[in-house]
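What follows is each chain in one-letter form.
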Amino acid sequence: METGRNPASGPKKSPFTPKAIIHQRFAAKACYKVEEVQEVVQNGCPGLVIPQKGPCLYRCTLQLPEFSVVSEAFKRKKDAEQSAAEKAIQKLGIQPKEDNLSVEQAWDELAGRLSYLFSIEFLPSIHPLSGHFRAALQRGGHLSGFIPVAAIAAFDAKINSLCKYINPEVESNHFLVMSLIIEAAKRLANTLVFSEEKLSLQRLNPHPPEIIQSLLKNESSFPESISIEAVRIPASAEKIVEPSILDASFGNYYLDAIAKELGVKDASKVLISRPIGKASSETRLYFCAPESIKIGPSSELHMKLASSFREFNAIATYLSGQEIYGDAILASVGYTWKSTDLSYEDLSLRGYYRILANKIPSGIYKLSREAILAAELPTTFTTRSNWRGSFPRDILCTFCRQHRLSEPVFSSDSFEPLPDLTGRKRLRDTASSGDEINEGGLAATATAAAQGGCTLVYRCTVKIYSKYQDLILLCSPKESYKKQIDAIHNAALKVLLWLDRFLDKVDMSVEEMTSSAKGLDVLIYPQQFVKEFSSCQFLPKYRWSSATLADSSLCSSYSNVQKNTLEDEVASVRISGEYSGTTPSNGSLVCVTYNIYLVTEREGIKEQLEGSEEFEFEIGSGATSPVLEAVVTQMSIDQSACFTMVLPSKEIVLAVARDSTTVLSLLSSGTCTMKCEVTLLRVTVPLEDRMEQALFSPPLSKQRVEYALQHIRESCAASLVDFGCGSGSLLESLLAYQTSLEKIVGVDISQKALARAAKILHSKLNGNIGAEQPTNRIKSAILYEGSILTCDSRLCGYDIATCLEVIEHMEEHEACLFGDIVLRSFCPQILIVSTPNYEYNVILQNSSPQYQEEDPDEKSQQQSCKFRNHDHKFEWTRQQFCQWASELALRHNYDVEFSGVGGEPNKEPGFASQIAVFRRKDGSPANADFAKHFDVIWEWSSSSNSRS
């Protein structure tokens, strides 16, 4: 099921919500109290003794003057509140009004709404439009009491909603709303006066003087003088965008002040756009109406407005999504739902260019990081933990809202990977295409799969529709991911990267558009897509990608930057500070302090543009300026660097400049350069599994499973125990193969990991019972909680034991103790132990190796390879591992052979994961004379489950 789509045509069905109905009836007397409740859930895994917590749910109590009601439990607080309100409505016997109005009913409602807006009751209310009525009463002379029709059309949502029933085209043509308001006003000729010349409405009978005096007294605290910063956007491409000042002092209607700035007589000649940015924003575009206008049919009004100006304002049209002709004023001023006072914010050139940046994917990301010059929209999504700034899905939703498209539709496909002996993954479809993505970003199938114990991988498809539900873009990535949320973000990122590419070159041909999109698994529907983005072709080209080194010929796109070229460029950068030995590598998460300045060497002026005390990014993901990353990779912790960068366009500089006047003066001098100072604060090495998956195919974890499987088959083992089984990945993988195993056991110290393992194994093993061709012959399975350094008689005498990538998480002496306990007390026929090869880290981390001939004292101060995981207590070289295993085998009468996976045995530095296989020499019985220390967490047998 797809989510995020709106009705294809007609007005949105918007009846009052239950909460709104209760508010109309009781206002502040209705009290909602939401409490968190814990749902008791079945763990879906018989025999599992660990109590399982259910999802976090909410229940709402609604207290009314006469009674109270309690809702059911819901995942979202607002759903619980609406449920409580709905129960109260049912108890009160209130029948909500039908919202499907006929055209004639809509006309009646529209006239009634106008009548209410001009009533005495509405005048003192807190509403975005009521402030205009109060301000109109203070206008002098013949304008007193006149309300511009454009203000009514712009600031009353109910008016706009009713107009959609009369003519659905008002969605795309805001001038039609004005025409319908005028037509409705003519039906109220006995109470309202319409002035065609003023394009305004007025009460036929003025408000009583005492009402006006009362309102003036309440607003006497309004400041005598208010100057509001705004921005003038010229229609002519030859003129520049410049700051403007509006005088909105007491008694001065702010729309009249805007009219004066636009060079027209009064507010009646000013038209108003939709909000720019967020729907709750008061930032709007104000532009001129024609000097004379004759009211005729709706379409005629639109044509007269469109043809009355010679110059089309491309930037204003792009920002608003409405056709605008002539100069426009961008200002953040107006009345709100929060107060009767005029609300306003200064809007500088910096704010204007940031609004423009917020229309582009890379700009949205940069603004979320407050780093327009330093940040870049990453080219890859690695992990949520390493991502900084807004996530791709959120950026795509913001982009669609900014361009007035429907919300993007994310639909997921889930698959169960079935490993085979060739090492390739086969995907079995376990869910229908288009699973519903809920608020948390997860599909219902994913939740069910988790409860059922299935191990799934995910793909996500993204669809983008126009406001009228024409499909304009489809992204269907081929890659699959273990986490559904990762699949969603990766698909969203592909769309964002292509949209960035398109907006950087909006004049690309259809063939070029299609081919460039195909490389990112994006399918474009050219006719509909070009229609939606037609206004972009008139925009000036602002390159929002970060700056490069001065005198560099590098392409600004991260994906086109070659690492070797960058390293040559930064070789001349001066790095200061003592070398600490810790430097970033690919996949590292680094934290820097940086400051970027505008500098004039001759005058010695240094104006800060941008900076951060702590700026984090992942090396190799494209999350920052290529030149900044190239410089940082040459540094060690606590070192600093200073370098000159190419000056970006004036518009981008102004988007970060706090003082636009000073910056414009410096830029006009023609002697400016841009310098960056950076200090490396921290380096967090990449996670082990990410490094392995990036460099090995199949991943090392899969290769280790295949290695163990080979020995199981060769030995015809019937029983296996996995020490440090974790979430049961090895045990689960073995179930997909035909082996001689009949009994499997896992031991781990983590209850949480064992609970996950139990659910997975339970689902797999039960699915095998009764199958026509069972994949395994397992008759029993047990999971124990306990330390693998503790003896337990129930683990004695198994045919094969495994301990894969576990011992490095202990201290070295504990690893030795573990080996003694297993081979002396448990005595398995075969023991397979794997651990990372420290010498291979030089390849994984691209670090410099240490050589045997180096002086030991000097070598200790040199850079060394880091452990693959922050939780590793040690990592052994091949010699160290060989010595540990050989001595262990000698002590306990075992033979040992060495091998590994990932790499080549006869090529330095050996295998990435080194393996020792211990084989018991004699058949003496295991020592089972000790207590049972482990707790049984979960137990399964084929006989009991087949009977049930």
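Going by what an unreviewed UniProt entry lists, the chain is known as Small RNA 2'-O-methyltransferase and is assigned to Nicotiana attenuata. Of the chain, the UniProt comment under Cofactor (unreviewed entry) reads exactly: "Mg(2+)".

Caption draft 1: View of the overall build of the chain. Within the chain, the regular secondary structure consists of 31 helices and 30 strands. The burial tally for the chain puts 52% of its 948 residues in the buried class. Sequence separation of 24 or more characterises 70% of the internal contacts of the chain that already satisfy a separation of 6 or more.

Caption draft 2: Fine view of the sheet that holds strand β4 (residues 147-148). One open sheet accounts for three strands, arranged β4-β6-β5; its pairing is antiparallel. Pairing within the sheet leaves two strands with one partner each, and these edge strands are β4 and β5 (192-195). Bridge count for β5 against strand β6 (residues 200-203) is four bridges, and the pairing is antiparallel. Paired with Ser195 across the two strands is Ser200, which belongs to β6.

Caption draft 3: Highlighting the packing of helix α3 (residues 103-117) against helix α6 (residues 157-166). One way to put it is that α3 packs onto α6 with a least axis distance of 8 Å and a crossing angle of 160°. For the element pair α3 / α6, the angle class is roughly antiparallel. When the axes of α3 and α6 are compared, the crossing they make is left-handed. Here α3 contributes Val103, Ala106, Trp107, Glu109, Leu110, Arg113, Leu114 and Leu117 to the contact with α6, which in turn contributes Lys158, Ile159, Leu162, Cys163, Tyr165 and Ile166. Of the residues in the contact of α3 with α6, the class split is eleven nonpolar, no polar and three charged.

Caption draft 4: Seen up close, the sheet that holds strand β26 (residues 800-804). Ordered by their spatial adjacency, eight strands build an open sheet running β28-β29-β27-β26-β23-β24-β25-β30, and the pairing between neighbours is mixed. Each edge of the open sheet is held by one strand with a lone partner, namely β28 (894-903) and β30 (935-941). For this sheet, the mean angle separating the axes of adjacent strands, direction not counted, is 15°. Pairing analysis gives three bridges linking strand β23 (residues 719-723) to β26, with the strands arranged parallel. Paired with Val721 across the two strands is Ala801, which belongs to β26. Along the sheet, helix α27 (residues 812-826) makes contact with β23, β26, β27 (830-836), β28 and β29 (911-920), crossing β23 at roughly 160°.

Caption draft 5: Quick peek at the confidence of the model for the chain. Of all residues in the chain, 79% attain a pLDDT of 70 or more, and the chain-wide mean is 81. Overall, residues 302-307 carries pLDDT values under 50, and its contacts beyond four positions in sequence, including any with other chains, amount to twelve contacts. Note that pLDDT drops below 50 for residues 418-436; the model gives that stretch 62 contacts with residues more than four away or on any other chain.

Caption draft 6: Looking closely at the packing of aromatic side chains. The tally for this structure, following the rule as stated, stands at 29 aromatic pairs. Between the aromatic rings of Tyr594 and Phe615, the centroid separation amounts to 5.3 Å while the plane-to-plane angle is 70°, which identifies the pairing as edge-to-face. Placement of the pair is Tyr594 in strand β19 (residues 589-600) and Phe615 in strand β20 (residues 605-618), with a sequence separation of 21 residues. Note on Phe615: relative accessible area 2%, which makes it buried. Measuring from centroid to centroid gives 5.9 Å for Phe881 and Trp884, while their planes differ by 20°, and the two rings are stacked. Here Phe881 pairs with Trp884, and both are found in helix α30 (residues 878-891), just three residues apart, close to one helical turn. A relative accessible area of 7% means that Trp884 is categorised as buried.

Caption draft 7: Structural context of the nonpolar core. If you look at the biggest cluster of nonpolar residues, it comprises 170 residues, and the most contacted ones within it are Tyr254 and Tyr286. For this core, the leading source of residues is helix α16 (residues 484-504), giving 13 residues. Of all hydrophobic cores here, the second largest spans 38 residues; its members include Leu730, Leu735, Ile800 and Val901.

Caption draft 8: Looking closely at the environment of Val747. Positionally, Val747 belongs in strand β24 (residues 743-748). Here Val747 falls in the buried class, since its relative accessible area comes to 0%. For Val747 and Phe934, which are 187 residues apart along the polypeptide, the C-alpha to C-alpha distance reads 8.6 Å. Residues contacting Val747, with those up to four places away along its chain left out, are Val721, Asp722, Phe723, Gly724, Cys725, Tyr784, Gly786, Ile788, Leu795 and Phe934.

Caption draft 9: Structural detail: the environment of Ala150. Relative to the helices and strands, Ala150 is located in helix α5 (residues 149-155). Of the residues examined, Ala150 reaches a relative accessible area of 6% and is grouped as buried. With 120 residues separating them along the chain, Ala150 and Val270 place their C-alpha atoms 7.3 Å apart. Ignoring any residue separated from it by four or fewer positions in sequence, one finds Ala150 in contact with Met178, Val270, Leu271 and Ile272.

Caption draft 10: Summary view of the environment of Ile832. Structurally, the position occupied by Ile832 is in strand β27. Contact partners of Ile832, with chain neighbours within four places excluded, come to Tyr707, Ala708, His711, Ile800, Ala801, Thr802, Cys803, Leu804, Ile915, Ala916 and Val917.

Caption draft 11: Expanded view of unusual backbone geometry. Following Glu908, the chain continues into Pro909 via a peptide bond in cis, with omega recorded as 5°. Counting through the fold element by element, Pro909 comes out in the loop between β28 and β29. Unlike most non-glycine residues, Asp638 shows phi in positive territory, near 80°. By secondary structure assignment, the location of Asp638 is in the loop between α20 (626-632) and β21 (640-645). The phi dihedral of Cys827 is positive, around 50°, even though this residue is not glycine. Its place among the elements puts Cys827 in the loop between α27 and β27.

Rules of the game
Residues numbered from 1 in each chain as written. Predicted model: local features only at pLDDT ≥ 70, side-chain atom pairs only at ≥ 80, totals over all residues. Heavy atoms only, no water. UniProt positions renumbered as here; feature names shortened; annotations may be inferred. Helix = DSSP H or I, 4+ residues; strand = E, 2+ residues; numbered from the N terminus. Buried < 20%, exposed > 50% of the residue type's maximum accessible area, 1.4 Å probe, protein only. Contact = heavy atoms within 4.5 Å. Pairing = 2+ DSSP bridges. Axes fitted to C-alpha atoms, helices over the stretch in contact; angles between N-to-C directions. Parallel < 35°, antiparallel > 145°, perpendicular 65-115°, else oblique. Left-handed = near helix turned anticlockwise from the far one by under 90°. Nonpolar A, V, L, I, M, F, W, Y, C, P; charged D, E, K, R; others polar. pLDDT = per-residue confidence, 0-100. Phe/Tyr/Trp six-rings, centres within 6.5 Å; stacked < 30°, edge-to-face > 60°. Core = buried A, V, L, I, M, F, W, Y, C linked by side-chain atoms within 4.5 Å.

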